[in-house]
Amino acid sequence: MRAIYDVLIHYDTDKKVPVYGFGCSPPNTSEVSHCFPLNGNPEAPEIEGIDNILDAYRDLANKVKTTKTTYFEPVLQKAVEAAK
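Residues numbered from 1 in each chain as written. Predicted model: local features only at pLDDT ≥ 70, side-chain atom pairs only at ≥ 80, totals over all residues. Heavy atoms only, no water.

### Quick notes on the overall build of the protein
So, step 1. Summing up its helical and strand segments, the protein has three helices and six strands in all.
So, step 2. Helices and strands appear in the protein in the N-to-C order α-β-β-β-β-β-α-β-α.
So, step 3. Against the compact-globule benchmark of 12 Å for 84 residues, the protein has a radius of gyration of 13 Å, which places it among compact chains.
So, step 4. Sorting the 84 residues of the protein into buried and exposed places 27% on the buried side.
So, step 5. Counting contacts in the protein only where the partners sit at least 6 residues apart, residues at least 24 apart contribute 58% of the total.
So, step 6. Accessible area for the protein stands at about 6,100 Å²; split by element, carbon and sulfur atoms hold 54% of it.
So, step 7. Side chains of the protein give 9 positive and 12 negative charges; the mean places of these two sets differ by 6 Å. (Helix = DSSP H or I, 4+ residues; strand = E, 2+ residues; numbered from the N terminus. Rg over C-alpha atoms; globule rule 2.2 N^0.38 Å. Buried < 20%, exposed > 50% of the residue type's maximum accessible area, 1.4 Å probe, protein only. Contact = heavy atoms within 4.5 Å. Areas by Shrake-Rupley, 256 points an atom, 1.4 Å probe, with all protein chains shown as cover. Lys, Arg positive; Asp, Glu negative; His and termini not counted. Charge placed at Lys NZ, Arg CZ, Asp CG, Glu CD.)

Spatial relationships are all this shows, so hold off on functional conclusions.
Set out below in structure tokens:
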């Protein structure tokens with residue numbers, strides 16, 4: 001992730017990255033989500049800096065229940081929307 005971040009961040013003007021989780025039940029819900037903001041804020045899903053992104057993933061990994069089925073289309077659609 002760090003290597004990819006180091007290349008792509010130079011193309012992002014505000015240096016903040018929208019980061020999403022998928023294929024699990026986010027904290028405080030039993031409902032499976034295939035696209036949710038890692039920081040819990042759907043209005044501002046951006047996280048600044050690779051260390052903060054990695055910390056958010058590590059923190060969330062201990063709080064979610066993973067599922068056997070994962071659908072990538074919702075999170076890929078978010079990427080397409082962001083690229084427009």
